Amino acid sequence: MLKTAWTIGHVFGIPIRLHITLLLILPLFGWIFGNNIELFAEMLQIDPEQLVFGSYFIGFLLGIGLFASVALHELGHTWMALRRGMTIRSITLLILGGIAEIEDMSKEPTDELVIAIMGPLVSIILGVSFYALGAYLPNMVADLRIFLLYLGQINIVLAVFNLLPAFPSDGGRVLRAVLARRGNYLAATKTATSLGQSMAILFAILGVFSGNILLLVVAFFLYIAANHEYQTNLLSSTLSGFTVSDLMTRDVVTVPAHHTLSQLLAFMYDEKHTGYPVVNGDDVVGCVTMQDVRKVDVGQRDDYKVQDIMATDLHTIKPKADAFDALTKMSKEQIGRLFVFDQDELIGIITRSDIMKGFQLRQIERREKA
Ligand SMILES: [Zn+2]
């Protein structure tokens, strides 16, 4: 698979990852900032002639400064989330900012509030500090002064932009946390996401009329993100209370590793499942799906055995795990099923459609109560 992100270091033991889009956009940001340097110098009444380095060099450094600032902003969220006892899988820096992947995001409004506010707070502190530093340095180091003042401004913009109540931005999360304190979490999410989407539409309109492409891109991502967040919350709240063992299929049908693919195919048509655990004696040794079989030419299906084509990395889950966590695991690992193991024993299989059945049942149940 194509690598799209690289780990550049660890902070608090959490990997900081650099997404490929960021590397592509960095020269563009450098160029945009570089173009503004002379104007910025004039505003500050600094003679551009005093600059030792070229505008584009300073612009490029500002691009790097921007992403370092985004990283520190994300570390602000991370630090608070760690203090609140959550696990953070990684921090990824990408084109439109960063993502701190919080594994077990608390639904406690106070937690969400303090975690959300910490990022913009870091940005404000950085902005003010850079500004203060830049303002007190003598004119002799014009390049450094401009760099610091400009970076200060970037951080303030970052804080303001993130504080807009356009869910799932930080400001949107603060809003949801405030709303959720007074009532239902899902209803609060719905209100916050609708506001986020309205704001995205507003950005898009502004983008069209001002000819600002960046604003259009932001609007697009914001809209998608708001919708995604709402769907995720709907799933998680509807599925709450369901465990893997409530929804899994219990009678597991297995296939022996030494069967040929023709035998396997005949078996699949009889059983009507599309994926099976592969066994060697009593041991589960792999997983085989319809897609694996399709990769082998029809004429060669007697020459290959199940063990030749099966996937050997087993994706497993415990019966007591939440159904929603199982679903999250499947989408992260891009697979359709998980094997349910109790100690060392395979006791069931859970698929996406098993979970969606549970989701539909709950929705019918809710409608009838309403
Ligand atoms: Zn943030």
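Residues numbered from 1 in each chain as written. Predicted model: local features only at pLDDT ≥ 70, side-chain atom pairs only at ≥ 80, totals over all residues.

J.: How do you make sense of unusual backbone geometry when you look at a structure like this?
T.: Working note: non-glycine residues mostly have negative phi, and peptide bonds are mostly trans. Positive phi outside glycine occurs at F12, with the angle close to 50 degrees. Within the element layout of this structure, F12 appears in the loop between β1 (5–11) and β2 (14–19). Classification of F12 by C-beta neighbours within 10 Å gives exposed; the count is 11. Residues other than glycine seldom take positive phi values, yet K272 does so here, at roughly 65 degrees. Residue position: K272 is located in the loop between α9 (261–271) and β6 (275–280). Overall, the presence of 7 C-beta atoms within 10 Å leaves K272 in the exposed class. (Helix = DSSP H or I, 4+ residues; strand = E, 2+ residues; numbered from the N terminus. Buried ≥ 20, exposed ≤ 12 C-beta atoms within 10 Å, placed from the backbone.)

J.: Got a minute to help me understand helix α2 (residues 55–83) in this structure?
T.: Two residues of an α-helix separated by three or four positions point the same way, owing to the 3.6 residues in each turn. Relative to the 42 Å expected for 29 residues at 1.5 Å per residue, α2 spans 41 Å between its end C-alpha atoms, a close match to the ideal helical length. Just downstream of α2 lies G85, where phi reads positive at about 85 degrees. (Expected span 1.5 Å × (residues − 1).)

J.: How should I be thinking about the domain arrangement of the chain in this particular structure?
T.: Interfaces are often sized by the accessible area lost when the parts come together. Structurally, the chain comprises domain 1 (5–163) and domain 2 (244–369). Placing the centre of domain 1 and that of domain 2 at their C-alpha centroids yields a distance of 44 Å. (Domains from an automatic or database assignment.)

J.: Quick question: what am I supposed to make of the nonpolar core here?
T.: Generally speaking, nonpolar side chains in soluble globular proteins are found buried as a group. Counting residues in each nonpolar core, the largest one holds 54 residues, and the members touching the most others are L62, I146, Y150, A200 and L222. Looking at this core, the element that brings in the most residues is helix α4 (residues 142–163), giving 11 residues. Apart from residues lying up to four places away in sequence, I146 is in contact with I37, F40, A41, I46 and I58. V244, A323, I349 and I355 belong to the second largest nonpolar core, which has 14 residues in total. (Core = buried A, V, L, I, M, F, W, Y, C linked by C-beta atoms within 7 Å. Contact = placed C-beta atoms within 7 Å.)

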